[in-house]
Amino acid sequence: MDVVGSGPAVRTRLEVPEDSLFGADNLPYGVFAPRGGAHRVGVRFGEFVVDLAVALEDSVFAAADLNAFLAQGPTRWRAVRERVRELVSAEIPADAVHPLADVTLALPIRIGDYVDFYASIDHATNLGRLFRPDAEPLLPNWRHLPVGYHGRAGTVVVSGTEVVRPRGQRRTDSGVPDFGPSRRLDIEAELGFVVGVGSSLGTPIDIADVEDHLFGVALVNDWSARDIQAWEYQPLGPFLGKSFATSLSAWVTPLAALDSARIPLPEQSPPPLPYLTVDEPWGLDIELTVSWNGEVVSRPPYGRMYWSPAQMLAHLTANGAAARSADLFASGTISGPEPGQRGSFIELSWGGAEPVVVGGEGRTFLEDGDEVVITASAPGVGGRRVGLGEVRGRVLPAGSRG
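Criteria and thresholds
Residues numbered from 1 in each chain as written. Predicted model: local features only at pLDDT ≥ 70, side-chain atom pairs only at ≥ 80, totals over all residues. Heavy atoms only, no water. Helix = DSSP H or I, 4+ residues; strand = E, 2+ residues; numbered from the N terminus. Buried < 20%, exposed > 50% of the residue type's maximum accessible area, 1.4 Å probe, protein only. Contact = heavy atoms within 4.5 Å. Pairing = 2+ DSSP bridges. Axes fitted to C-alpha atoms, helices over the stretch in contact; angles between N-to-C directions. Salt bridge = Lys/Arg side-chain N within 4 Å of Asp/Glu carboxyl O.

Asks: How would you explain the environment of Phe117 if you had to name every residue and give the values?
Replies: Within the secondary structure, Phe117 sits in strand 9 (residues 114–117). Here the alpha-carbon distance between Phe117 and Pro146, two residues 29 residues apart in the chain, equals 6.7 Å.

Asks: Talk me through helix 6 (residues 309–316); I want residue IDs and the actual numbers.
Replies: Residues three or four positions apart in an α-helix share a direction because the helix packs 3.6 residues into each turn. Counting buried residues along helix 6, six of its eight residues qualify, which places the element largely inside the surrounding structure. Taken residue by residue, helix 6 has Pro309, Ala310, Gln311, Met312, Leu313 and Ala314 as its buried positions.

Asks: Give a detailed account of helix 4 (residues 121–131), specifying residues and quantitative values.
Replies: Here helix 4 lies mainly inside the structure; eight of its eleven residues are buried. Looking at helix 4, one finds that the buried residues are Ile121, Asp122, His123, Ala124, Thr125, Asn126, Leu127 and Gly128. On its buried face, helix 4 is in contact with helix 7 (345–348).

Asks: Can you break down the sheet that holds strand 7 (residues 97–99) residue by residue, with the values?
Replies: Pairing between the strands of a sheet is mediated by backbone hydrogen bonds and can be parallel or antiparallel. Strand order in the open sheet formed by five strands is 7-5-4-3-8, and the pairing between neighbours is antiparallel. With partners counted over all chains shown, the strands left at the sheet margins are strand 7 and strand 8 (104–106), one partner each. Averaged over all adjacent pairs, the angle separating strand axes in this sheet is 45°, with direction ignored. In the sheet, strand 5 (residues 48–51) pairs with strand 7 via three bridges, with the strands oriented antiparallel. The residue bridging Val50 from the neighbouring strand is Val97, located in strand 7. Docked against the sheet, helix 3 (residues 74–88) engages strand 3 (29–33), strand 4 (40–45) and strand 5, running at close to 65° with respect to strand 3.

Asks: Go over the side chain of Ser291, please, and point to the residues and values.
Replies: Tracing the sequence through the fold places Ser291 in strand 23 (residues 287–292). Classification of Ser291 by relative accessible area gives buried; the value is 16%. With residues up to four places along the chain from it excluded, the contact list for Ser291 reads Val296, Glu371, Val372 and Val373.

Asks: Run through the sheet that holds strand 28 (residues 371–379), naming residues and quoting values.
Replies: The five strands lie next to each other as 12-29-28-23-24, forming an open sheet whose pairing is mixed. At either end of the open sheet lies a strand with only one pairing partner, and these are strand 12 (163–164) and strand 24 (295–298). By the bridge criterion, eight bridges tie strand 28 to strand 29 (residues 385–396) in an arrangement that is antiparallel. What sits directly across from Pro379, in strand 29, is Arg385.

Asks: Just give me the short version of the pattern of salt bridges, but keep the residues and values in it.
Replies: Enumeration according to the criterion identifies 26 salt bridges in this entry. Its salt-bridge partner being Glu91, residue Arg13 comes within 4.0 Å of it at the nearest N-O pair. You can see Arg13 sitting in strand 2 (residues 11–13) and its partner Glu91 sitting in the loop between helix 3 and strand 6 (92–93), a full 78 residues away along the chain. For Arg13, a relative accessible area of 34% translates into the label partly exposed. For Glu91, a relative accessible area of 28% corresponds to the partly exposed category. The salt bridge partner of Glu86 is Arg83, with a shortest N-O separation of 3.2 Å. Within this pair, Glu86 and its partner Arg83 are both found in helix 3, separated by three residues, close to a single helical turn. Residues participating in the shared-partner salt-bridge network are Glu18, Asp25, Glu82, Arg85 and Arg384.

Written out as structure tokens, the structure is:
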């Protein structure tokens, strides 16, 4: 960082390596607090955070979340992105720049609703084989609609927040349940999508208009208590086995940063109904990495996802449900066809029957003290890569927060 001038007009030029995952073609948004300061909106550029309220002299970025900015819509999003690209490529007010290591990051959005989908055909097939070994792995509706369920927005936490092992009812060998800490605590490596402009109650979002409503993406770890989930999910679906914690990256990557990552979807057969049909290449060539206590155990490929974010949002609102700025919906577990591409530990260990070697030991599900880190990157401009940051969490014992 080279400083130019002195006094109130001091400006600086930021130096970021050419191969940085967070260069001028990325510029993800987050919420940060400088030392001794209040939370506000910034963008990441290399290992710096640019305070947008200062750099752009705009009070909308002095807020503690992105919601007001998201609601301003795609014309405004594009204008801000171009202005920030100009600033970081030239000189920027020095008091708008903070080293990333010196700030505290917070949840970037104030989430009204959270929906989790089940969009990976590889993940759905794996779980179908595990749970229904004598039946077809995919249920009859799976290829016709993006299956999803409503999560609990109040338990979405920013990356780095520790996760307390959940408690709930568990099936015993006698068939009578007991109550206690989950013995089969798991992760789900996912991609989350952030709504920018909402919709009115009773008015669906047309699939052709999704880009006017969808702002960006962020990494998600949807922690799952498999033993609690297995007992409770029939007939209405996940509840306590999922609602205790969902971790979200501190950075929201705008869709505009992923133009070079857009790819066609895999073939959908049978063809989706008209309200889910779109000609745009809505697949995303994003590669994830899952590390368990510092060891890479999986590399899930998002590019194989069967249902696209456009189809998810169109289906989510097809019945007239309203969407709001900063609503979050997630892809569901991202898995590929190979064992080393599975995005959950229930798949990696095949229901606990095939332990994964971590730290020289065979492991199946999470133990207290374990830490999971999910990272991701995608193709960018000129052969460079775009980073999606990380989502990190460590498991605390049940009851450790009272």
